[in-house]
Amino acid sequence: MSMSTSQSALSIEEQAALVESSKKAAAFQAVEDYLQPTFRHVGIGSGSTVVYVVEAIAQLGTDITSKMTFYPTGEQSRQLILAAGLRLAYIQDLPSNASLDVAFDGADEVDEDLNLIKGGGACLTQEKIVATSAKTFVCVADFRKMSPRLGTNWKKGIPIEVLPMAADRVLGELKAMGSLDPRIRSGLPGKAGPIVTDNGMLIIDAPFAPLLLAKDTESGTKGGNGDDGMWTVDALAHRLISIVGVAEIGLFHGKNGLQVERGAQKPVAVYFGLEDGSVKLMKA
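This is a predicted model, so every value here is computed, not measured. (Residues numbered from 1 in each chain as written. Predicted model: local features only at pLDDT ≥ 70, side-chain atom pairs only at ≥ 80, totals over all residues. Heavy atoms only, no water.)

Peer 1: How do you make sense of the packing of helix H2 (residues 12-34) against helix H3 (residues 48-58) when you look at a structure like this?
Peer 2: Working note: a packed helix pair is described by the angle between its axes plus the distance between those axes. Interhelical geometry of H2 versus H3 gives an angle of 50 degrees and a closest axis separation of 8 Å. Put simply, H2 runs oblique to H3. Regarding H2 and H3, the two cross each other, and that crossing is right-handed. Contacts from Glu20, Lys23, Lys24, Ala27, Phe28 and Val31 of H2 reach H3 at Ser48, Thr49, Tyr52, Val53, Glu55, Ala56 and Ile57. Here the contact of H2 with H3 is composed, by residue class, of seven nonpolar, two polar and four charged. (Axes fitted to C-alpha atoms, helices over the stretch in contact; angles between N-to-C directions. Helix = DSSP H or I, 4+ residues; strand = E, 2+ residues; numbered from the N terminus. Parallel < 35°, antiparallel > 145°, perpendicular 65-115°, else oblique. Left-handed = near helix turned anticlockwise from the far one by under 90°. Contact = heavy atoms within 4.5 Å. Nonpolar A, V, L, I, M, F, W, Y, C, P; charged D, E, K, R; others polar.)

Take a look at the structure:
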């Protein structure tokens, strides 16, 4: 969306404030649309937009929120839940035959089919467990995360959580698959050595050429199975998770909660805060 002349004349600080207000508006709209007062179990992800999700939930008041329990994907969301005075529990405490009513989370990149790249904060495994435990997964992000194909805007690569002993072998597999300079994520500048996840694993960031959608291969001109380094989202996801030593991957793909009752990785809706202060909604 192009900015008007008056918007382009805004200072950097004013533009940043406008983006923050749009992120807040997107989060509040998502909560209004998808958090029902009768819900009892709610997943809370991470990221700057989720801060506003928790704010919106807290503003519903204790008459509603005191009946709910909130499940974090990591330390940031745990702190948000506690700071808002909401009831905290952990996903492992949810009975195996139960589901979260809804989960809210952010994303690093979102494509036209609502496939996601997540894991920039190294919590992709917890985020996927929470998302797939929910009947409905809703994503809230800012306009910079919107992309026609995954890997177009997010150049850091697909986050892959790996066992430390397998990291070098996984790097070799990724290069053979066409990944463009995959690397173990460093903790610098704040920490010497690699990032170690809450699960005691390492993160590899594996850049690939922009990932194809199913419609890109319908003409038969593109295979999407790794030929010349070109992959569809689903084909690459299935190949990555099959590599020995890989614990989880940051591609959220496949079915959404409208298509399957349990285990959906894709959101049913994504709310984007736009640079002009408005909100864009993409629905499955």
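Peer 1: I'm lost on the sheet that holds strand S11 (residues 251-252) in this one. Help?
Peer 2: Within a sheet, adjacent strands bond to each other through the backbone by hydrogen bonds, running parallel or antiparallel. Strand order in the open sheet made by the three strands is S4-S5-S11, with antiparallel pairing throughout. Across the chains shown, the open sheet's two edge strands, defined by having one partner strand only, are strand S4 (109-110) and S11. Pairing analysis gives two bridges linking S4 to strand S5 (residues 116-117), with the strands arranged antiparallel. Looking at the pairing, Glu109 lines up with Ile117 of S5. (Pairing = 2+ DSSP bridges.)

Peer 1: What should I look at first to understand the sheet that holds strand S2 (residues 69-72) in this one?
Peer 2: Spatially, the six strands line up as an open sheet ordered S2-S1-S3-S6-S12-S13, and their pairing is mixed. Of all strands in the sheet, those bounded by a partner on one side alone are S2 and strand S13 (279-283). Direction aside, neighbouring strands of the sheet carry axes that sit 20 degrees apart on average. Along the sheet, H2 makes contact with strand S3 (102-105), strand S6 (137-142), strand S12 (269-273) and S13, crossing S12 at roughly 155 degrees. Seen against the sheet, H3 touches strand S1 (41-44), S2, S3 and S6 and runs at an angle of roughly 120 degrees to S6.

Peer 1: Explanation requested: the pattern of salt bridges in the structure shown.
Peer 2: Note that side chains of opposite charge can pair when their charged atoms are close. Considering all chains together, one arrives at 14 salt bridges under this definition. Here Lys24 makes a salt bridge to Glu55, at a shortest N to O gap of 3.0 Å. Of this pair, Lys24 sits in helix H2 while Glu55 sits in helix H3, placing them 31 residues apart in sequence. For Lys24, a relative accessible area of 33% corresponds to the partly exposed category. The salt bridge partner of Glu112 is Arg149, with a shortest N-O separation of 3.4 Å. On the criterion of sequence distance, the pair formed by Glu112 in the loop between S4 and S5 and Arg149 in the loop between S6 and strand S7 (158-162) is long-range, its members being 37 residues apart. Through salt bridges that share partners, Glu112, Arg149, Lys215 and Asp216 make up one connected network. (Salt bridge = Lys/Arg side-chain N within 4 Å of Asp/Glu carboxyl O. Buried < 20%, exposed > 50% of the residue type's maximum accessible area, 1.4 Å probe, protein only.)

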